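One-letter residues, chain by chain:
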Number of protein chains: 4
Amino acid sequence: MNHKAAGALHWIIPDGYIPEKSSGDLTSHESICVLNCSSDDAQLAITIYFEDRDPMEDLFAIVPGRRTKHIRTSLLEKNGASIPVGVPYAIEVRSDIPVIVQYSRLDATQAENALMSVMAYPL
Amino acid sequence: MNHKAAGALHWIIPDGYIPEKSSGDLTSHESICVLNCSSDDAQLAITIYFEDRDPMEDLFAIVPGRRTKHIRTSLLEKNGASIPVGVPYAIEVRSDIPVIVQYSRLDATQAENALMSVMAYPL
Amino acid sequence: MNHKAAGALHWIIPDGYIPEKSSGDLTSHESICVLNCSSDDAQLAITIYFEDRDPMEDLFAIVPGRRTKHIRTSLLEKNGASIPVGVPYAIEVRSDIPVIVQYSRLDATQAENALMSVMAYPL
Amino acid sequence: MNHKAAGALHWIIPDGYIPEKSSGDLTSHESICVLNCSSDDAQLAITIYFEDRDPMEDLFAIVPGRRTKHIRTSLLEKNGASIPVGVPYAIEVRSDIPVIVQYSRLDATQAENALMSVMAYPL
């Protein structure tokens, strides 16, 4: 059975931030959570925008067909450079086929955790 | 009086995760919160997508007419299998009549709790 | 100057819950946060849906023109009855003119707080 | 290369609140997180609505082209007046070109933090 793609090709998350510190059992992190409902792989191109410097463009990721991928932003990289910690930024996700994107952050700066999540904004 | 259905037939939540641990007074859990405004029952068919294996399809639930149901994901099952804990996954909810779907997670990994919630994405 | 109304007439929040306990400095509570951009008052009629009993209908509130109102759900009442604590429920907000609705919960069950917030779903 | 603007001109956040207290390592704050995908600057005009007094209008901010800006609400001001702390309010953001807006709050009233975030509602 061939499953159709669903969602949108282009998603925005204005509030990105990788906390500098972790305490307690868990590690502070953010995830870009993508669902690909189709039978085909989705090729993602991610752009990172900053407050005071030019964007990092074309960080790539793949979400296989009929799979989800919860992408840790700290693991994205381009030419050996990754997203700096402790700096406000924003995220743009483009996909070659429709997908659905949610963003979540676990802040473990304190021993007790804080969580936030939003559905990304589809363009 | 006969109340009409409202919302959408098809909803997506890319960031599902059942925490492995609980501490303190409350238990870590997620809920798929569904409102059925109509006078008729809503029949739900839920699909769970993973990062590294085929989806679990057709987990069923019913939301009676003029009722809400806050479905604990840990209680969903099919042929005796339930959603594994500590594993990233995504959720697709289909309903035979329009409903409205929100997703919330209480993480009690630490003694102090963290909460997150999103409106599901309607397709 | 006469300001126009903006938003929608009908909003849904599937995940309502008033925590039973509070610890520490703050009190557990939920708020239905409404913005009325227009110069005229907005008359709200709120319906509360449950898992196991008929809805409570027509809880009323007013948001004056060019004002916001952050309505504590625990203060809503009808014929002396209010929303029970510790029970899952859902919220429907109807307004006679367009408004914008957001829902937030502060859970102070533990001494340290947890927060969640969603934009309500417009019908 | 000339990049096009994306998003909407007009965004609403009904639940604004600047916590009065901070404990622990971090300071309670809110941010209006704006992404400007275009090559041109975006000029923002922000209106703050209250429960019991007239709105504060025309608080201005600029988001340069191809940049994000995470605007601390406590730093917005007009004629030397800023948004009062400990008071429920609502936020309206107008931009001269399309942008995307998200709102996040870190509550550090307790030593352990709480986070919430929503995508603003586009009009």
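Residues numbered from 1 in each chain as written. Chains lettered and ligands numbered in written order. Predicted model: local features only at pLDDT ≥ 70, side-chain atom pairs only at ≥ 80, totals over all residues. Heavy atoms only, no water.

J.: In this structure, what is going on with the pattern of salt bridges? I would like to understand it.
T.: Pairs can form between side chains of opposite charge once their charged atoms are near each other. Applying the stated rule across the entire model yields 20 salt bridges over all chains. In this structure, C:E57 and B:R66 form a salt bridge, with 2.8 Å as the shortest nitrogen-oxygen distance. Of this pair, C:E57 sits in strand 4 (residues 56-63) while B:R66 sits in the loop between strand 4 (56-63) and strand 5 (67-72), which puts the two residues in different chains. A residue is classified by how much of its surface remains accessible, and C:E57, at 35% relative accessible area, is partly exposed. Relative accessible area serves as the criterion here: at 11%, B:R66 is assigned to the buried category. C:D54 is the salt-bridge partner of B:R67, the closest N and O atoms lying 3.1 Å from each other. Placement of B:R67 in strand 5 and of C:D54 in the loop between strand 3 (42-50) and strand 4 is noted, with the two residues assigned to different chains. (Salt bridge = Lys/Arg side-chain N within 4 Å of Asp/Glu carboxyl O. Helix = DSSP H or I, 4+ residues; strand = E, 2+ residues; numbered from the N terminus. Buried < 20%, exposed > 50% of the residue type's maximum accessible area, 1.4 Å probe, protein only.)

J.: Sorry, what's going on with the relation of the copies chain C and chain B here?
T.: In summary, the two copies of the chain are related to each other by a rotation about an axis coupled with a shift along it. For the match of chain C to chain B, the screw axis carries a shift of 0.0 Å, the RMSD comes to 0.0 Å, and the turn is 90°. Accordingly, the operation relating the two chain copies is best matched by a four-fold axis. (Least-squares fit on C-alpha atoms with pLDDT ≥ 70 in both.)

J.: Please explain the packing of aromatic side chains as it appears in this structure.
T.: Two measures describe an aromatic ring pair: the distance that separates the ring centres and the angle between the ring planes. Evaluation of the coordinates by the stated rule reveals eight aromatic pairs over all chains. On the basis of an interplanar angle of 65° and a centroid distance of 5.0 Å, the ring pair of A:W11 and B:Y121 is categorised as edge-to-face. Of the two residues, A:W11 is situated in strand 1 (residues 8-16) and B:Y121 in strand 10 (residues 121-122); the pairing between them involves two chains. Across this residue pair, the class does not change: A:W11 and B:Y121 are buried. Aromatic pair A:F50 and A:Y89: ring centres 6.5 Å apart, planes at 45°, arrangement tilted. Note that A:F50 is positioned in strand 3 (residues 42-50) and A:Y89 in strand 8 (residues 89-107), a separation of 39 residues in sequence. One Lys or Arg, C:R53, reaches over the ring of C:F50 and ends 4.7 Å from the middle of that ring. (Phe/Tyr/Trp six-rings, centres within 6.5 Å; stacked < 30°, edge-to-face > 60°. Lys NZ or Arg CZ within 6 Å of the ring centre and 35° of its normal.)

J.: What is the right way to read the interface of chain C and chain B from this model?
T.: Many structure descriptions define interface size as the accessible area lost when the parts assemble. On the side of chain B, 29 residues touch chain C, which itself brings 34 residues to the contact. Overall, the association of chain C and chain B removes approximately 2,400 Å² of surface from exposure, summing both partners, and the carbon and sulfur fraction of that is 60%. Connecting chain C to chain B are two salt bridges. Contributions of two or more residues to the side of chain C that touches chain B are made by strand 1 (8-16), strand 3, strand 8 (89-107) and strand 9 (114-119) of chain C. (Contact = heavy atoms within 4.5 Å. Buried area = accessible area lost by both parts, 1.4 Å probe.)

J.: Before we go on, may I ask you to explain the environment of B:F50 in this structure?
T.: Look at B:F50 and you get buried, because its relative accessible area is 1%. C-alpha separation for the pair B:F50 and B:I83, spaced 33 residues apart in sequence, amounts to 9.9 Å. Ignoring sequence-local partners within four residues, the contact set of B:F50 consists of A:R67, A:T68, B:M56, B:P84, B:V87, B:P88 and B:Y89.

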